[in-house]
Amino acid sequence: MQSDPNIYVHFDWLITILAYVDDLRLTGPVDMIERVIKALTLKLLIKATGSLDNEGDQVRFLGRTLTRRGDSIIFEMDKDYFNPIFEHYGLTKCREASTPGTSDLKRHENGDEPLDQSAHKMFRSVVGMLMWIAPLRVDCIFAIKELARSLHAPTICLLYTSDAADDSLRVDLGGRRI
């Protein structure tokens with residue numbers, strides 16, 4: 001299997017480029033970022049969508065909102081990211097729980113009835129959506145891992161979030177710009 005690299009580093013300029021399909025995120029000194037963008041525009045159609053140079057600046061990248069707070073960047077998911085899942089499973093009026101499960105939680109057993117093809121497809125989609133937010137929601141990682149364990153032949157779908165719209169991940173830049 002061959003794959004393309006998606007992180008590029010220029011150590012002399014202190015520039016890091018994260019490439020995901022047709023989106024780029026450049027991190028480093030502002031003058032070097034401008035230099036890289038100028039060089040890229042000679043070969044590619046580039047549209048700069050924002051910077052995080054000043055306090056409170058926000059940009060969108062890969063479905064996430066990045067906000068500058070001091071020497072940190074706050075990564076947040078869209079407020080309505082989970083709405084399609086909640087609506088599909090009829091969970092729009094559920095109350096929050098302080099824990100994703102209990103010691104008497106039913107576990108997968110070999111005799112359980114597997115999901116039909118349509119439900120299995122939705123289950124895979126939901127687990128994919130949850131895996132996408134896992135880096136930002138470390139409180140959900142165990143529950144997401146448990147769901148992913150039965151991805152090949154799920155028999156039950158348990159869904160847990162704790163007011164996902166209000167949680168975020170803070171990354172300390174140590175004085176670097178992004």
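Rules used in this analysis
- Residues numbered from 1 in each chain as written.
- Predicted model: local features only at pLDDT ≥ 70, side-chain atom pairs only at ≥ 80, totals over all residues.
- Heavy atoms only, no water.
- Buried < 20%, exposed > 50% of the residue type's maximum accessible area, 1.4 Å probe, protein only.
- Helix = DSSP H or I, 4+ residues; strand = E, 2+ residues; numbered from the N terminus.
- Pairing = 2+ DSSP bridges.
- Axes fitted to C-alpha atoms, helices over the stretch in contact; angles between N-to-C directions.
- Contact = heavy atoms within 4.5 Å.
- Salt bridge = Lys/Arg side-chain N within 4 Å of Asp/Glu carboxyl O.
- Core = buried A, V, L, I, M, F, W, Y, C linked by side-chain atoms within 4.5 Å.
- Patch = residues over 30% accessible without salt bridge, like charges linked within 9 Å, V, L, I, M, F, W, Y side chains within 5 Å.
- Areas by Shrake-Rupley, 256 points an atom, 1.4 Å probe, with all protein chains shown as cover.
- Parallel < 35°, antiparallel > 145°, perpendicular 65-115°, else oblique.
- Left-handed = near helix turned anticlockwise from the far one by under 90°.

(A) Quick look at the pairing of strand S6 (residues 72-77). Most of S6 sits inside the fold, with 5 of its 6 residues counted as buried. In textbook terms, the turn of a hairpin is the stretch between consecutive antiparallel strands, and for strand S5 (residues 64-69) and S6 this stretch comprises 2 residues, one of which, Gly-70, has a positive phi near 60 degrees.

(B) Quick look at the sheet that holds strand S3 (residues 23-27). Taking strand neighbours across the sheet as the criterion, the 3 strands line up as S1-S2-S3 in an open arrangement whose pairing is antiparallel. In this open sheet, the two edge strands, each paired with only one partner strand, are strand S1 (7-10) and S3. Averaged over neighbouring strand pairs, the angle between their axes works out to 15 degrees when direction is ignored. The sheet contacts of helix H1 (residues 30-41) involve strand S2 (15-20) and S3, and relative to S3 the element is tilted by about 150 degrees.

(C) Main features of the pairing of S3. Relative to S3, S2 runs antiparallel, the two being bridged by 5 bridges. For Leu-18, the partnering residue across the bridge sits in S3 and is Arg-25.

(D) Broad picture of the pattern of salt bridges. Under the counting rule described, the total for this entry stands at 2 salt bridges. The partner of Glu-146 in a salt bridge is Lys-145, and the shortest N-O contact between them spans 2.5 Å. A relative accessible area of 38% means that Lys-145 is categorised as partly exposed. A salt bridge links Arg-149 to Glu-146; the shortest N-O distance between them is 3.2 Å. One end of the pair is Arg-149 and the other is Glu-146, both in helix H4 (residues 141-149) and 3 residues apart, which spans about a single turn. In this structure Arg-149 comes out as exposed when scored by relative accessible area, which is 55%. Each of Lys-145, Glu-146 and Arg-149 takes part in a single network of salt bridges with overlapping partners.

(E) Examining the nonpolar core more closely. Ranked by size, the top nonpolar core spans 23 residues in total, and within it Leu-66, Phe-82, Leu-130, Ile-133 and Ile-144 carry the most contacts. The set of elements that each furnish at least two residues to this core consists of strand S4 (58-61), S6, helix H2 (83-88), helix H3 (117-133) and H4. When residues in this core are grouped by element, the largest group, 6 residues, is from H3. Among the nonpolar cores identified, the runner-up in size contains 6 residues, and Ile-15, Ile-17, Ile-33 and Val-36 belong to it.

(F) Spatial organisation of the environment of Val-36. Inspection of the secondary structure assignment puts Val-36 in helix H1. Considered as a pair, Val-36 and Leu-26 are 10 residues apart in the sequence and their alpha carbons are 8.8 Å apart.

(G) Broad picture of a nonpolar patch on the surface. On the surface, Ile-7, Val-9 and Phe-11 cluster together to form a nonpolar patch covering roughly 340 Å² of accessible area. The residue Val-9 is located in strand S1 in this model.

(H) Highlighting the packing of H3 against H4. Contact geometry of H3 with H4 gives a least axis separation of 10 Å together with a crossing angle of 150 degrees. Taken together, the axis directions place H3 and H4 in an arrangement best described as roughly antiparallel. Considering how the two elements wind past one another, H3 and H4 form a crossing that is left-handed. Two secondary-structure elements touch here, H3 through Phe-123, Val-127, Leu-130, Met-131 and Ile-133 and H4 through Ile-144, Leu-147 and Ala-148.

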